[in-house]
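A structural walkthrough
Here's the letter readout for the chains.
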Amino acid sequence: MTGEFRARFPNTRRAAAFARRSVISHIAAYGYADGDLADIETAVGEALANAAEHGHRIETGFEVHVYVELDQIVIEVQDEGGGFPSSPTAVLPAHDAPRGFGIF
């Protein structure tokens, strides 16, 4: 069984939470186990939170595209942010740092 979900949301934390629930509801319809859905929700939630935080610009949004095919799920989150500059001199955060590991 295959299926597709595509939606655009305003770039806010509230919309990111709604998008996360929408994506999980869509995927749950294909019979994935609760444990798998919890793992997917964690990953999708992180991607959406990053889009809302780092991609936020006034009057912008983000788009979510989910494609389900048999035992494969592809989830894409695209925001309108400028991205991160690539830096060959970037320093790995300390092991006990509360944030900053996403790029690494």
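In the block above lies the structure referred to throughout.
An account of the accompanying structure is given in this report. (Residues numbered from 1 in each chain as written. Predicted model: local features only at pLDDT ≥ 70, side-chain atom pairs only at ≥ 80, totals over all residues. Heavy atoms only, no water.)

**Digging into helix 2 (residues 34-54)**
- Over its 21 residues, helix 2 extends 30 Å from the first C-alpha to the last, a length consistent with the 30 Å expected when each residue adds 1.5 Å.
- All buried positions along helix 2 are accounted for by L37, I40, V44, G45, L48, A51 and A52. The buried residues of helix 2 occupy an angular sector of 140° when projected down its axis, which confines them to one face. Opposite the packed face of helix 2, turned more than 90 degrees from it, sit the exposed residues D39 and T42.
- Buried residues in helix 2 make contact with helix 1 (13-28), strand 2 (61-69) and strand 3 (72-79). (Helix = DSSP H or I, 4+ residues; strand = E, 2+ residues; numbered from the N terminus. Expected span 1.5 Å × (residues − 1). Buried < 20%, exposed > 50% of the residue type's maximum accessible area, 1.4 Å probe, protein only. Arc of directions from axis to C-beta. Contact = heavy atoms within 4.5 Å.)

**Re the sheet that holds strand 3**
- If you trace the three strands from one edge of the open sheet to the other, you get 1-2-3, paired in antiparallel fashion. Each end of this open sheet is capped by a strand with a single partner; those strands are strand 1 (2-10) and strand 3. Taking the axes of each pair of neighbouring strands and ignoring which way they run, one obtains an average angle of 10° across the sheet.
- Sitting on the sheet, helix 1 is in contact with strand 1, strand 2 and strand 3, with an inclination near 10° to strand 2.
- Of the strands in this sheet, strand 2 and strand 3 are in contact with helix 2, which crosses strand 3 at around 15°. (Pairing = 2+ DSSP bridges. Axes fitted to C-alpha atoms, helices over the stretch in contact; angles between N-to-C directions.)

**A word on the pairing of strand 2**
- In the sheet, strand 1 pairs with strand 2 via nine bridges, with the strands oriented antiparallel. Bridge pairing links E4 to Y67 in strand 2.
- Here strand 2 pairs with strand 3 via eight bridges, running antiparallel. Its bridge partner being in strand 3, E69 is matched across the sheet by Q72.
- Where strand 2 folds back onto strand 3 in an antiparallel hairpin, the turn is made up of two residues, including L70, whose phi is positive at roughly 50°.

**Notes on the nonpolar core**
- Residues F9, V23, I27, L48, F62, V64 and V66 are the most contacted members of the largest nonpolar core, which totals 20 residues.
- Aside from chain neighbours lying at most four places away, what touches L48 is A16, A19, R20, F62, V64 and V77. (Core = buried A, V, L, I, M, F, W, Y, C linked by side-chain atoms within 4.5 Å.)

**Examining the packing of aromatic side chains**
- Following the criterion strictly, the structure yields two aromatic pairs and no others.
- Centroid distance F9 to F18: 6.1 Å. Interplanar angle 70°. Geometry classified as edge-to-face.
- Three or more aromatic residues joined by ring pairs make a cluster, and in this case those are F9, F18 and F62. (Phe/Tyr/Trp six-rings, centres within 6.5 Å; stacked < 30°, edge-to-face > 60°.)

**Some points on the side chain of N11**
- Positionally, N11 belongs in the loop between strand 1 and helix 1.
- Overall, the relative accessible area of 2% leaves N11 in the buried class.
- There is a polar contact of 3.1 Å between the side chain of N11 and the backbone oxygen of G55.
- If we ignore the near neighbours within four places in the chain, the residues touching N11 are A51, A52, G55, H56, R57, T60, G61 and F62. (Polar contact = N/O pair within 3.5 Å; in protein donor to acceptor, adjacent residues only side chain to side chain.)

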